[in-house]
Amino acid sequence: MAVTATDAIHPRFVKKPLFYSMGLKIALVQLSVGKDKSKNVAQAVKKIHQAKEKGAQLVALPECFNSPYGTKYFNEYAEEVPLGETSSALSQAAAEAGVCVVGGTVPERCGDKLYNTCTVWDINGKLIAKYRKMHLFDIDIPNKITFKESEVLKPGNEITTFECNGVKIGLGICYDLRFQEIAHLMANEGCGLLIYPGAFNMTTGPKHWELLGRARATDQQLWVALVSPARDANAEYVAWGHTTLVDPWGAVVAKLDEKEDTLVHTVDLSMLEDVRGSIPIRVQRRTDIYDTVRKS
């Protein structure tokens, strides 16, 4: 990116991603999830290898890919990270396939606490990031849906980013998508892509899933990937599906329907320079009046 006079005057306003001129081929896996944990995990591993065969450098799984989504299931399916069977399987799959794996989420047991946790594994199978869902899904829409993750889960307290092939990537989980402040902080730290494993439901999914993905991509001028489980109409919690990839202009460049499938697309990081140069909101923010800051 060309350095402007404004950049020079306000260098803290813009923290540039590591590389703008490269592409990253990603695979977003929309998995069918049932009650058999071993089958869920085995299917995820199979999809990771299939994505590698399609040239993917990074493979992302959906929220709760090893467990049915529901407060009554979290304790039963919970595992320690990285000691559980799911972590072991993801580590091995990442190393064997030679891809970075964003492990959707799993119910994580840590002492007497449970978290909704995303793990990230590098091409050698090493755990390089762990993010615990920060904003718990507690909603009550009359005559539609009531759900309270906080009855069982604890919230995480750390913003998490990692690097893959020189690209800085930020993580959020489902309900986190509604909070633009966390997205802004990750963007300000140089992220060119945000990945949100999520399981929006049949009420909020049609209304807000794509809308919020496009909003975060537009207001932060970066790529946004939303990764959902496939829809199971017989499940107690029915996911919307529609795994979606949005570019920095806010355009949906690829989207699945509700069935199990994999979205494979090359994320063009050069678009970041085009968008941010054309609409330079990053250097126009009035941080002398307002700002979003990370508390230590």
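What counts, and at which threshold
Residues numbered from 1 in each chain as written. Predicted model: local features only at pLDDT ≥ 70, side-chain atom pairs only at ≥ 80, totals over all residues. Heavy atoms only, no water. Helix = DSSP H or I, 4+ residues; strand = E, 2+ residues; numbered from the N terminus. Contact = heavy atoms within 4.5 Å. Areas by Shrake-Rupley, 256 points an atom, 1.4 Å probe, with all protein chains shown as cover. Lys, Arg positive; Asp, Glu negative; His and termini not counted. Charge placed at Lys NZ, Arg CZ, Asp CG, Glu CD. Expected span 1.5 Å × (residues − 1). UniProt positions renumbered as here; feature names shortened; annotations may be inferred. 1 Å grid on protein atoms, 1.4 Å probe; cavity = no way out; pocket = protein on both sides within 12 Å on 5 of 7 lines; lining within 4 Å. Points joined across faces, edges and corners; volume = space filled by probe spheres on them. Nonpolar A, V, L, I, M, F, W, Y, C, P; charged D, E, K, R; others polar. Axes fitted to C-alpha atoms, helices over the stretch in contact; angles between N-to-C directions. Parallel < 35°, antiparallel > 145°, perpendicular 65-115°, else oblique. Left-handed = near helix turned anticlockwise from the far one by under 90°. Phe/Tyr/Trp six-rings, centres within 6.5 Å; stacked < 30°, edge-to-face > 60°. Buried < 20%, exposed > 50% of the residue type's maximum accessible area, 1.4 Å probe, protein only. Pairing = 2+ DSSP bridges. Salt bridge = Lys/Arg side-chain N within 4 Å of Asp/Glu carboxyl O.

Of regular secondary structure, the chain possesses eight helices and 15 strands. Nonlocal contacts in the chain, meaning residues at least 24 apart in sequence, comprise 69% of its contacts between residues at least 6 apart. As displayed, the chain has an accessible area near 12,800 Å², and 50% of this comes from carbon and sulfur atoms. Measuring between centres, the 35 positive side-chain charges of the chain sit 2 Å from its 35 negative side-chain charges.

Over its 17 residues, helix α6 (residues 204-220) runs 22 Å from end to end, which matches the ideal 24 Å to within 8%, given 1.5 Å per residue. Of the residues trailing α6, Q221 is marked for its positive phi of about 55°.

Here we take up the UniProt feature "domain: CN hydrolase" (unreviewed entry) in the chain. Per the UniProt record, the feature "domain: CN hydrolase" (unreviewed entry) sits at residues 24-269. Structurally, residues 24-269 comprises 26% helix and 30% strand, and the distance from its first C-alpha atom to its last is 8 Å.

Attention now moves to the layout of surface pockets. Of the pockets and cavities examined, the largest pocket occupies roughly 290 Å³. Along the wall of the largest pocket there are 19 residues; nearest its centre are V33, P68, Y69, A235 and Y237. When the residues that make up the lining of the largest pocket are grouped by side-chain class, the tally is 11 nonpolar, three polar and five charged.

For the pair helix α5 (residues 180-188) and α6, interaxial distance at closest approach is 10 Å and the crossing angle is 40°. With respect to their mutual orientation, α5 and α6 come out oblique. Crossing of α5 over α6 shows right-handed handedness. Two secondary-structure elements touch here, α5 through Q180, A183, H184 and A187 and α6 through R216, D219 and Q220.

Take the packing of aromatic side chains next. One pass over the structure, following the stated rule, counts nine aromatic pairs. Aromatic pair Y69 and F74: ring centres 5.7 Å apart, planes at 70°, arrangement edge-to-face. Neither Y69 nor F74 differs from the other in exposure class; each is buried. Both rings, one in Y73 and one in Y77, keep their centres 6.2 Å apart while their planes meet at 75°; by these two values the pair is edge-to-face. Highlighted residues: Y73 and Y77, both in helix α3 (residues 71-77), separated by four residues, approximately one helical turn.

Moving on to the pairing of strand β5 (residues 113-121). Burial runs high along β5: eight of the nine residues are buried. Taken together, the two bridges between strand β3 (residues 100-102) and β5 define a ladder with antiparallel strand orientation. By the bridge assignment, V102 is partnered in β5 with V120. For strand β4 (residues 106-110) and β5, the ladder comprises five bridges, and the chain directions are antiparallel.

What the rule picks out here adds up to 13 salt bridges. Residues joined in a network through salt bridges with shared partners are E63, K133 and E149.

Read from one edge of the open sheet, six strands run β9-β10-β11-β12-β13-β14, paired in mixed fashion. The open sheet terminates on both sides in strands that have one partner only, identified here as β9 (161-164) and β14 (252-255). Neighbouring strand axes in the sheet, compared pairwise and without regard to direction, differ in orientation by 20° on average. Sheet topology places strand β12 (residues 223-227) next to strand β13 (residues 244-246); three bridges connect them, and they run antiparallel. Residue pairing across strands places V224 opposite V246, the latter belonging to β13. Relative to β12, α6 is tilted by about 155°, and along the sheet it contacts β11 (193-197), β12, β13 and β14.

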